[in-house]
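Coordinate inspection notes
Single-letter residue listing:
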Amino acid sequence: VQLQASGGGLVQAGGSLRLSCAASGSIFSINAMGWYRQAPGKQRELVAAITSGGSTNYADSVKGRFTISRDNAKNTVYLQMNSLKPEDTAVYYCNRPYGSSWPFGQGTLVTVSS
């Protein structure tokens, strides 16, 4: 499976961005998917996850501000990010949130200015 994240950019604090991640392969729909982020000098962390049935879970740091969704017909998972903060600055990746991961793609950079 190949994963391609897009939609990052530079935004001011309080702004919004919508990230997309397209997955190759026909097994996307049966897998839970998640969004991870890695800030400079920090470990990669899982910030949002969605099951194949649509149940979602969020890290406390993004709860109430980020929304994960998926379109199985398009093999795509999304992350709507609102009320962005400078501490949200990171490279964002998608991948399976539980168990073994697929190879991580290049990710998409989100920079939030204060």
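Small disclaimer: the values here were computed from a predicted structure and weren't measured.

Concerning the overall build of the protein
Helices and strands together make up the secondary structure of the protein, namely zero helices and ten strands. Here the C-alpha radius of gyration of the protein, 13 Å, is about what a compact globule of 114 residues would show, namely 13 Å. Summarising its shape, the C-alpha atoms of the protein cover approximately 40 × 25 × 25 Å along the three principal directions. Counting every position in the protein, which comprises 114 residues, the buried fraction comes to 42%.

Points about the state of the cysteines
Going through the model one piece at a time under the given rule, you end up with one disulfide. The side chain of cysteine 21 participates in a disulfide bridge whose partner is cysteine 94; the two sulfur atoms lie 1.7 Å from each other. Highlighted residues: cysteine 21 in strand 3 (residues 17-23) and cysteine 94 in strand 9 (residues 90-95), separated in sequence by 73 residues. An identical accessibility class is assigned to cysteine 21 and cysteine 94; each is buried.

Concerning the sheet that holds strand 1 (residues 3-6)
Sheet strands line up and pair through hydrogen bonds in the backbone, either parallel or antiparallel. Read from one edge of the open sheet, four strands run 1-3-8-7, paired in antiparallel fashion. Two strands close off the open sheet at either side, each with one partner strand: strand 1 and strand 7 (66-71). Taken pair by pair, the neighbouring strands of this sheet meet at an average axis angle of 15°, ignoring direction. Note that strand 1 and strand 3 share four bridges and pair antiparallel. Within the sheet, the bridge partner assigned to leucine 3 lies in strand 3 and is alanine 23.

Comments concerning unusual backbone geometry
Phi is positive for asparagine 75, close to 50°, though the residue is something other than glycine. For asparagine 75, a relative accessible area of 17% puts it in the buried group. Located in the positive-phi region is serine 83, a residue other than glycine, with phi close to 50°. The class for serine 83 is partly exposed, based on a relative accessible area of 40%.

Some details on a nonpolar patch on the surface
Together, Val1, Ile27 and Ile30 make up a nonpolar patch on the protein surface, roughly 250 Å² of accessible area in all. As for its position among the elements, valine 1 is in the segment before strand 1. The partly exposed category is assigned to valine 1, whose relative accessible area is 34%.

Parameters at a glance
Residues numbered from 1 in each chain as written. Predicted model: local features only at pLDDT ≥ 70, side-chain atom pairs only at ≥ 80, totals over all residues. Heavy atoms only, no water. Helix = DSSP H or I, 4+ residues; strand = E, 2+ residues; numbered from the N terminus. Rg over C-alpha atoms; globule rule 2.2 N^0.38 Å. Buried < 20%, exposed > 50% of the residue type's maximum accessible area, 1.4 Å probe, protein only. Disulfide = S-S within 2.5 Å. Pairing = 2+ DSSP bridges. Axes fitted to C-alpha atoms, helices over the stretch in contact; angles between N-to-C directions. Patch = residues over 30% accessible without salt bridge, like charges linked within 9 Å, V, L, I, M, F, W, Y side chains within 5 Å. Areas by Shrake-Rupley, 256 points an atom, 1.4 Å probe, with all protein chains shown as cover. Salt bridge = Lys/Arg side-chain N within 4 Å of Asp/Glu carboxyl O.

Coordinates in, geometry out; function isn't part of it.
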